[in-house]
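Take a look at the letters that make up each chain.
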Amino acid sequence: MRETFVAETSALLDDDPRTALVLADISAAAFAEAEHRHPDRVLNVGIRESLMVSVAGGLALTGLRPIAHSYAPFLIERAFEQVKLDFAHQAATGVLVSIGASYDAAQAGRTHHSPGDVALVDTLPGWAVRVPGHPAEVPALLRESVTGDGSGYLRLSTRANSAPHAGADGSLVPLRTNGNVLVVAVGPMLDPVLEATRDLDVRVAYTNTVRPFDTAGLRALAGETVVLVEPYLAGTSARIVADALGDRPHRTLCLGVTRNDLRRYGTPADHDPAHGLDPAGLRRSIVDFGG
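*Asks:* So, the overall build of the protein: which residues are in play, and what are the values?
*Replies:* Each helix and strand counted, the protein has twelve helices and twelve strands in total. The C-alpha radius of gyration computed for the protein amounts to 19 Å, which stays within 12% of the reference 19 Å derived for 291 residues, consistent with globular compactness. Burial statistics for the protein: of 291 residues in total, 54% are counted as buried. Across the protein, every contact between residues at least 6 apart in sequence was considered, and the portion connecting residues at least 24 apart equals 73%. For the protein, the exposed surface amounts to about 12,000 Å²; the carbon and sulfur share of it is 51%.

Here it is in structure tokens:
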């Protein structure tokens, strides 16, 4: 996903003179050629993530469409005050693009974990949040973010599904339509969900756009039981499901990264079972809740 992002952003810089890119050393080498071609619109501020976001906000106020890019914990958590003030409060608009989703960089320790990033962005009004599940989904989601008028957060991961799936305008994509339990998989959680439910009588739907969430599609697909599987903090979209189905009886199970601090390194695959996000863990949770 990161390589696709670099290629597509470089093309956007060539195609659209409004596009700008602000970096804080992360991925700077990958954008060296783009910086050479567009030195006035590709800026590297060094290891100063808060400054990176402030500079991007300033560029937005001049009429540019800035992209600010870094690891999720540095881009969202460390610089959230600047995101809140220099973008949201100033009514400036731009695009934040992260790598290192949740515990993708598990080997680097807790400093590089960011399962709460989407929940933080969700405190800001009107931000779009897109979570691709495959590299082939990145170009369209990035261009939609950059060529639009509002602010958006694009969350890239090293985890990917075996094939791309994308609905029009961020709609839910139904992949299995039998059963009374609807399992909604977000981004790279689709393959684990499909493996976990391969012989279960459940419906499965996919989305790579969680803000705005396709509530009309959810209402059309949902029965009385909904399982929401997100690759970040469990329950981040619980209120969306509750509001969408508030006029009908329903039960919702929200699965995702737990609030437990594992205090370990290892690989992302080592962390999945601890949060119940491996296929076996997902299957147990879905069966226990859905009967």
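*Asks:* I'd love a proper account of the sheet that holds strand β8 (residues 181–186), names of residues and values included.
*Replies:* Whenever strands of a sheet pair, they do so through backbone hydrogen bonds, lying parallel or antiparallel. Pairing within the open sheet is mixed, and its five strands lie in the order β7-β9-β8-β11-β12. Each edge of the sheet is formed by a strand with only one pairing partner; in this case those strands are β7 (173–177) and β12 (251–257). This sheet shows a mean twist of 20° between the axes of neighbouring strands, independent of strand direction. The sheet contact formed by β8 and strand β9 (residues 202–207) spans six bridges and is parallel.

*Asks:* Requested: an account of the side chain of E49, with residues and values cited.
*Replies:* Inspection of the secondary structure puts E49 in helix α3 (residues 49–61). A relative accessible area of 5% places E49 in the buried class. At 3.1 Å, the side chain of E49 and the side chain of R78 are in polar contact. With near-sequence residues (within four places) excluded, E49 lies in contact with A24, S70, F74, R78 and A79.

*Asks:* Outline the environment of E77, supporting the account with residue identities and numerical values.
*Replies:* When you line up the elements, E77 lands in helix α4 (residues 72–78). On a C-alpha basis, the gap between E77 and S50 in space is 9.9 Å, while along the polypeptide they are 27 residues apart. Aside from chain neighbours lying at most four places away, what touches E77 is A72, H113, S114, G116 and L120.

*Asks:* Account for the packing of helix α1 (residues 2–15) against helix α7 (residues 138–147), naming residues and giving values.
*Replies:* At a minimum axis separation of 9 Å, α1 and α7 run at an interaxial angle of 40°. The angle between α1 and α7 falls in the class oblique. The hand of the α1/α7 crossing is right-handed. Residues T4, F5, E8, T9, A11, L12 and D15 of α1 form the contact with α7, whose participating residues are V138, P139, L142, R143 and V146. Of the residues in the contact of α1 with α7, the class split is seven nonpolar, two polar and three charged.

*Asks:* Mind laying out unusual backbone geometry, listing which residues take part and the relevant values?
*Replies:* Following R211, the chain continues to P212 via a peptide bond in cis, the omega torsion being -5°. Along the chain, P212 falls in the loop between β10 (209–211) and α9 (215–221). Even without being glycine, S27 reaches a positive phi, approximately 70°. With respect to the helices and strands, S27 occurs in the loop between β1 (19–23) and α2 (32–37). Residue classification places S27 among the buried residues on the basis of a relative accessible area of 8%. Within the chain, A91 stands out as a residue other than glycine whose phi angle is a positive 60°. With relative accessibility at 66%, the residue A91 sits in the exposed group.

*Asks:* I'd like a description of the nonpolar core, backed by residues and values.
*Replies:* Counting residues in hydrophobic clusters, the biggest one holds 44 residues, and the most contacted among them are M52, L75, L96, Y153, F213 and L218. Broken down by element, the residue count for this core peaks at five residues, all from α3. Discounting residues that sit within four places of it in the chain, F213 has contacts with L172, V184, T207, L218, L228 and I240.

*Asks:* Now, about the side chain of R130: what can you tell me, with residues and values included?
*Replies:* Looking at where R130 falls in the secondary structure, it is placed in strand β5 (residues 128–130). Among the polar contacts listed, one links the side chain of R130 to the side chain of E144, at a separation of 3.4 Å. Other than its neighbours up to four places away in sequence, R130 contacts L141, E144, S145, Y153, L154, R155, N208 and T209.

*Asks:* Could you give an account of the sheet that holds strand β6 (residues 152–155), with specific residues and numbers?
*Replies:* Strand order in the open sheet formed by seven strands is β2-β1-β3-β4-β6-β5-β10, and the pairing between neighbours is mixed. Either end of the sheet is taken by a strand with one partner, and the two such strands are β2 (42–44) and β10. Direction aside, neighbouring strands of the sheet carry axes that sit 20° apart on average. Relative to β2, β1 runs parallel, the two sharing three bridges. Pairing of V22 across the sheet is with L43, part of β2.

Criteria and thresholds
- Residues numbered from 1 in each chain as written.
- Predicted model: local features only at pLDDT ≥ 70, side-chain atom pairs only at ≥ 80, totals over all residues.
- Heavy atoms only, no water.
- Helix = DSSP H or I, 4+ residues; strand = E, 2+ residues; numbered from the N terminus.
- Rg over C-alpha atoms; globule rule 2.2 N^0.38 Å.
- Buried < 20%, exposed > 50% of the residue type's maximum accessible area, 1.4 Å probe, protein only.
- Contact = heavy atoms within 4.5 Å.
- Areas by Shrake-Rupley, 256 points an atom, 1.4 Å probe, with all protein chains shown as cover.
- Pairing = 2+ DSSP bridges.
- Axes fitted to C-alpha atoms, helices over the stretch in contact; angles between N-to-C directions.
- Polar contact = N/O pair within 3.5 Å; in protein donor to acceptor, adjacent residues only side chain to side chain.
- Parallel < 35°, antiparallel > 145°, perpendicular 65-115°, else oblique.
- Left-handed = near helix turned anticlockwise from the far one by under 90°.
- Nonpolar A, V, L, I, M, F, W, Y, C, P; charged D, E, K, R; others polar.
- Core = buried A, V, L, I, M, F, W, Y, C linked by side-chain atoms within 4.5 Å.

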